[in-house]
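Each chain is listed here by its residues.
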Amino acid sequence: MVSRLFVMKSINLILLLTLFSLPLFGQAQSTAKPKPRVVVVGVNGMELDVIRPLLLQGKMPNLSSVIKKGAYGKLRTLSAPNCPRVYSTLFTSTKPEEHGVSGFIVGGITANTNMLKQEPIWSLLSKDGVTVGMANVPATFPVMPVNGFMISGMLTRGKNCEDGVLCAPKLSEVQGGDAVYPAALKAELLKNVGDFYIDCERMPAAMDLKGHETEVIDAWLKKVQLIRDQQTQLFDYLLDHHPTEFTWLAQSCEDRAGHWLYPIAPYHAGYNPKINSVRPDAFPNQYVAFDKVLGAILKHTDENTYVFIVSDHGIKPLREFEETDPHAHMDHEKTTPVIAKHDFADGDDVPGSFFAMGPGIKHDLRLMGFEASVYDLAPTILHIYGIQQPVQMRGHVLSEIFENSDKTVAKK
Ligand SMILES: [Zn+2]
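How each quantity is defined
- Residues numbered from 1 in each chain as written.
- Predicted model: local features only at pLDDT ≥ 70, side-chain atom pairs only at ≥ 80, totals over all residues.
- Heavy atoms only, no water.
- Helix = DSSP H or I, 4+ residues; strand = E, 2+ residues; numbered from the N terminus.
- Buried < 20%, exposed > 50% of the residue type's maximum accessible area, 1.4 Å probe, protein only.
- Lys, Arg positive; Asp, Glu negative; His and termini not counted.
- Salt bridge = Lys/Arg side-chain N within 4 Å of Asp/Glu carboxyl O.
- Polar contact = N/O pair within 3.5 Å; in protein donor to acceptor, adjacent residues only side chain to side chain.
- Contact = heavy atoms within 4.5 Å.
- Axes fitted to C-alpha atoms, helices over the stretch in contact; angles between N-to-C directions.
- Parallel < 35°, antiparallel > 145°, perpendicular 65-115°, else oblique.
- Left-handed = near helix turned anticlockwise from the far one by under 90°.
- Nonpolar A, V, L, I, M, F, W, Y, C, P; charged D, E, K, R; others polar.

Student: Go over the side chain of D376 with me, naming the residues and quoting the values.
Tutor: Among the secondary structure elements, D376 is positioned in the loop between β13 (365-373) and α13 (377-384). No salt bridge forms around the buried D376; measuring N to O, its nearest opposite-charge neighbour R76 is 9.3 Å away. A polar side-chain atom of D376 sits 2.9 Å from the main-chain amide nitrogen of H396. Beyond its immediate stretch of four places on either side in the chain, D376 contacts E371, G395, H396 and L398.

Set out below in structure tokens:
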């Protein structure tokens, strides 16, 4: 696999050399026929059970508008879903055993892009001349060369976050690889956006919570909002100053909050009134806050932009009676009193979610059952750009969401 990876990286280098004549950060040449514009917004662990009541109450107006103008439904995920495992499937439309990133830790090492054994979508698009911009997308550290820019997200390593697992290094504190491509963009971001946190805050340990529950919960939520504000500023800056044809932005604090602040009832496993009765609105509020981020992103789009909002999985209160330790959560902070999770053996217990709108996408279409899966995102995006789906990809183009897929998507 080393040789294959080497080939992939060599291709990227050749690509970069051939693109050398393009303006910095790959903005489209004015003479070229405009390519479709696609914006993907990833939300880690968005839970439809929590989203739906908020939509009914009118607390997520931006997501509501996307639903009215587009298609939405559950997104079938993988078994034992977690972020790097599913994101790498979203990137490649291949199984974890094929793309190599089976979880947070693979063979004792934190998941990273050097493990990726299948060609990701950013590489396929870049090769085809599509400009690509990505920020805070999980499992993209160290960043890889693209025809545009890439800023890593969850699993970035840094000071006080040496293993990179679910902790929050600042841009200036990154270690063990590059978090920004091209390198020159790093100084520009530090100057214009500031020294932002790349991933969401680490969850508190049981020891820190004991006796100081309310104080710790409130301080944690404050930090999470600070991180979200910084990310919004980053997205805003990138969309303003480095617009790309394909853009993928992601949020990860929602899932983190759900693991220990999901509004569970006293009958749920793990219920501790000292923690779980303090801020029952903390988790729903994450989505209300996300909706504002979405609003900031949507300001940079128009009716010709395809927008996909995608969650890698949902999150539910502990529910598997086979488990011997109700707090065990293999992939998250082991000392946090976890009361909700997603890496259940049956991924259909925690489906992700999918929202799409754009030219030729049906309005107010609800996808029933599991019409869409995490394998289908990459083929659908390639289809929009008129790029043929590579043979290794297991998903299919979500033609059911298009009015007439032959006429409405770009042809090469
Ligand atoms: Zn999680």
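Student: Before we move on, could you go through the packing of helix α7 (residues 184-192) against helix α9 (residues 213-241) and cite the residues and values that matter?
Tutor: How two helices pack is summed up by the angle between their axes together with the distance between the axes. It is the contact of α7 with α9, at a shortest axis distance of 11 Å, that shows an interaxial angle of 120 degrees. Compared by their axis directions, α7 and α9 come out oblique. Both α7 and α9 take part in a crossing whose hand is right-handed. Contacts between α7 and α9 pair E188, L189 and N192 from the former with L234, Y237 and L238 from the latter. When the residues that make up the contact of α7 with α9 are grouped by side-chain class, the tally is 4 nonpolar, 1 polar and 1 charged.

Student: Can you break down the pattern of salt bridges residue by residue, with the values?
Tutor: All told, the structure shown has 10 salt bridges when counted by the stated rule. Note that E47 and K316 form a salt bridge whose closest N and O atoms lie 2.9 Å from each other. Taken together, the positions of E47 in the loop between β1 (37-43) and α2 (48-56) and K316 in strand β10 (residues 316-317) put the pair 269 residues apart, joining distant regions of the chain. Comparing E47 with K316, the two get one shared label, buried. Linking E201 and K223 is a salt bridge whose minimum nitrogen-to-oxygen distance equals 2.8 Å. Here the residue E201 occupies a position in the loop between α7 and α8 (206-209), and K223 occupies one in helix α9, the gap between them amounting to 22 residues. Each member of the salt-bridge network shares a partner with another, and the members are E47, D49 and K316.

Take it as geometry only, folks, not as evidence of what the structure does.
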